[in-house]
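# Inside the fold
Single-letter residue listing:
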Amino acid sequence: MNIVVCIKQTFDTEAKIVLDSNGKIESNGVNLVINPYDEFAVEEALKIKEKFGGEVTLISMGGARAQESLRTALAMGCDKAVLINDPALENPDEWACAEILAKAVSQIPYDIILAGRIAVDDGSSQVAVRLAEVLNIPSVSCALKLEVEENKATVTREIDGGTELIEVSLPVVITAQKGLNVPRYPTMPGIMKAKKKELKVITLADIGISATDLPIKMCVQKISLPNPRKGGKKIPGEAAEAARELARLLREEAKVL
């Protein structure tokens, strides 16, 4: 079984986001990690490999620091990794990411492609399903349970108010939801082995894409931080009096009533 896992390096969810003088997110001194939902995808890939044998190949887009997250996933037990690192990829949109990943994935044998259902930095939840569309294969999102048998996969996926059971033929793109599994921690032997595993860094030219023809349809014009939250207000007095004052404040100051 050949499994490809698409991962993205994101900010630690506990990190404090700061903008530099150019209005860009300052990454220096900030801990970067595997996107938490992608960790579920990595774990599920390893479980499939342990059951059926085969190979797990990681693929990511990003700068040199993305190698850290790829090495972490290799230490968990994945076999090899590919990083697409190109100066033209400073701010690609979801359309471009899917097109680029499809070019790279097409050069790798695959039966199943796994990814997290959403990235915690941009929250678009688009790249994996767009990738499936470009590759012309089916996709199933928000998997809570995955069973693979011969040439088909049975997926229990989360939907509004419940779950849905889907049976789909391979190859397929599946995105992982929280609850699919519990990701393992890299062991010390795994960390040592990961240093010797193949991590191939390629450019757009290596997969036949010209930077001038990069299919970017959307660009971010500006990033801004939300307004700081104001401190709470304590309303003194008896309950009835305080309730009247609260209603007044909500109506006249907060303007939510």
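Scroll up a little and you will see the structure.
Described below are features of the structure shown in this document. (Residues numbered from 1 in each chain as written. Predicted model: local features only at pLDDT ≥ 70, side-chain atom pairs only at ≥ 80, totals over all residues. Heavy atoms only, no water.)

Okay, the overall build of the protein next. When helices and strands are tallied, the protein shows six helices and 11 strands. A principal-axis box enclosing the C-alpha atoms of the protein has dimensions of 70 × 45 × 40 Å. Evaluated residue by residue, the protein yields a buried proportion of 37% over its 257 residues. Within the protein, contacts between residues separated by at least 24 positions form 70% of all contacts whose residues are at least 6 apart in sequence. Element-wise, carbon and sulfur atoms account for 51% of the exposed surface of the protein, whose accessible area totals about 15,000 Å². (Helix = DSSP H or I, 4+ residues; strand = E, 2+ residues; numbered from the N terminus. Buried < 20%, exposed > 50% of the residue type's maximum accessible area, 1.4 Å probe, protein only. Contact = heavy atoms within 4.5 Å. Areas by Shrake-Rupley, 256 points an atom, 1.4 Å probe, with all protein chains shown as cover.)

This part takes up the pattern of salt bridges. Opposite charge on two side chains makes pairing possible when the charged atoms of those side chains draw close. As enumerated under the stated definition, the model contains 15 salt bridges in all. Arg65 is paired through a salt bridge with Glu68; the nearest N and O atoms lie 3.7 Å apart. Residue Arg65 is classed as partly exposed on the basis of its relative accessible area, which comes to 30%. Exposure remark for Glu68: the relative accessible area of 40% places this residue in the partly exposed category. Several salt bridges converge on common partners, so that one network encompasses Glu245, Arg248, Arg251 and Glu252. (Salt bridge = Lys/Arg side-chain N within 4 Å of Asp/Glu carboxyl O.)

What follows covers the side chain of Thr10. Tracing the sequence through the fold places Thr10 in strand β2 (residues 9-11). Given the relative accessible area of 1%, Thr10 is considered buried.

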